[in-house]
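# A look at the structure
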Amino acid sequence: MRSAEIARLAGVTVRTLRHYHQVGVLAEPPRTSNGYREYSVTDLVRLLRIRQLSSLGMPLDQMDSVLDDVETDGLAQGQYLDDLDQELLQQIQQLTAQRKVIAHLRAHQAAPDLPAELVPFYPPFDMAGYPERVAQMDRDQAILWSHFSDETGKAYLMAVCQKLSEDSALLASSADISRRFEALDSTSSEAQIAELVDDFTAFFAELDSPLTTDDHPTDLGRAADLLDKYSTETYNPQQRKTLSVLAQRFSQNEPP
């Protein structure tokens, strides 16, 4: 039998047949004088066995122990099946968890790249009037914060998002400050920057006061450095200057 014929009989493609040769699960047969592979019925039987094992979900690199062990007893065969069943169960559990996340994202009409724990609280940031570029940067920074801060940092981020999503006045203030921050450029005056710093300080005091306690300090871990680098890469000089003034303002207000 030639490649096309044995592939058709086994219900696989010629490309799949060649792949089996490449990974070593099916030995290449001898070639005829004109260079064509010549397969035997024994090759067909092995190919059918490979297809059956593959249909059960067994990886190719684990098949040799089943295909080549002609003296496998019932106990060993049972172990193969037990191991395979456990592996499939883990895959099912993983797929089920992924489907729950997808349903969660759909229910809240959230972007699929958003950390799942923030999904219930994030849609308000897509509100009308919230600058699109700022919303994207907020999402970028939330992703860094969520992935690289410790548990206290993640909990604080969730608390901030939840409070903003539940307090329309605070959310409106956030949108206003974001618009003004986004508008900063080389024409912005020192007075504009100072006024924005004052307004943000007052806004943040109202937002942060119920969220921070001395018993559970917020630790951003690696996220702090990454967020600083993100600001350097993303913001213009006037925006970075504003953030620097804010950082100085907050450091002066910290207890000794």
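Use the structure listed above.
So, here's what we can say about the structure. (Residues numbered from 1 in each chain as written. Predicted model: local features only at pLDDT ≥ 70, side-chain atom pairs only at ≥ 80, totals over all residues. Heavy atoms only, no water.)

### Comments concerning the packing of helix H7 (residues 151–166) against helix H8 (residues 168–183)
Closest axis-to-axis distance for the H7/H8 pair is 5 Å, and the angle between their directions is 105 degrees. One way to sum up the angle between H7 and H8 is to call them roughly perpendicular. Taking contact as the criterion, the partners of Lys163, Leu164 and Glu166 in H7 are, on H8, Ser168, Leu170, Leu171 and Ser174. Per-class residue counts for the contact of H7 with H8 are three nonpolar, two polar and two charged. (Axes fitted to C-alpha atoms, helices over the stretch in contact; angles between N-to-C directions. Helix = DSSP H or I, 4+ residues; strand = E, 2+ residues; numbered from the N terminus. Parallel < 35°, antiparallel > 145°, perpendicular 65-115°, else oblique. Contact = heavy atoms within 4.5 Å. Nonpolar A, V, L, I, M, F, W, Y, C, P; charged D, E, K, R; others polar.)

### Observations concerning the pattern of salt bridges
If you walk through the whole model with that rule in mind, you get eleven salt bridges. A salt bridge links Asp198 to Arg249, with the shortest nitrogen-to-oxygen separation between them at 3.0 Å. Linking Asp198 in helix H9 (residues 190–208) with Arg249 in helix H11 (residues 237–253), this pair joins segments that are 51 residues apart in sequence. Accessibility expressed as a relative area gives 41% for Asp198, which makes it partly exposed. Residue Asp225 is joined to Lys229 by a salt bridge in which the shortest nitrogen-to-oxygen separation is 3.4 Å. Of this pair, Asp225 and Lys229 both sit in helix H10 (residues 222–234), four residues apart, which is roughly one turn of the helix. Take Asp225: its relative accessible area is 35%, and that puts it in the partly exposed class. Taken together, the shared-partner salt bridges connect Asp176, Arg179, Arg180 and Asp199 into one network. (Salt bridge = Lys/Arg side-chain N within 4 Å of Asp/Glu carboxyl O. Buried < 20%, exposed > 50% of the residue type's maximum accessible area, 1.4 Å probe, protein only.)

### What about the packing of aromatic side chains?
If you walk through the whole model with that rule in mind, you get four aromatic pairs. Ring centres of Phe200 and Phe203 lie 5.9 Å apart, and the angle between their planes is 50 degrees; this geometry places the pair in the tilted category. Of this pair, Phe200 and Phe203 both sit in helix H9, separated by three residues, roughly a single helical turn. By relative accessible area, which is 23% here, Phe200 ends up partly exposed. Between the aromatic rings of Phe200 and Phe204, the centroid separation amounts to 6.0 Å while the plane-to-plane angle is 15 degrees, which identifies the pairing as stacked. With Phe200 and Phe204 both in helix H9 and four residues apart, the pair spans about one turn of that helix. An aromatic cluster of three or more residues is present, and its members are Phe200, Phe203 and Phe204. Lying across the ring of Tyr36, Arg2 places its NZ or CZ 4.3 Å from the centre. (Phe/Tyr/Trp six-rings, centres within 6.5 Å; stacked < 30°, edge-to-face > 60°. Lys NZ or Arg CZ within 6 Å of the ring centre and 35° of its normal.)

### Topic: H8
Here H8 spans 23 Å end to end across 16 residues, near enough to the 22 Å set by a 1.5 Å rise per residue. Those residues of H8 lying buried are Leu170, Leu171, Ser174, Ala175, Ile177, Ser178 and Phe181. With a side-chain oxygen lying 3.1 Å from the backbone nitrogen of Ala169, the N-terminal cap of H8 falls on Asp167. (Expected span 1.5 Å × (residues − 1). Polar contact = N/O pair within 3.5 Å; in protein donor to acceptor, adjacent residues only side chain to side chain.)

### Structural notes on the nonpolar core
Among the nonpolar cores identified, the biggest contains 33 residues, and Leu118, Leu157, Leu164, Phe203 and Leu207 are the most heavily contacted of them. Breaking this core down by element, the ones donating at least two residues are helix H6 (132–148), H7, H8, H9 and H10. Tallying contributions element by element places H6 first for this core, with six residues. Setting aside residues no more than four positions away along its own chain, Leu118 makes contact with Ala142, Leu157, Met158 and Cys161. Of all hydrophobic cores here, the second largest spans 19 residues; its members include Ile6, Ala7, Val25 and Ile50. (Core = buried A, V, L, I, M, F, W, Y, C linked by side-chain atoms within 4.5 Å.)

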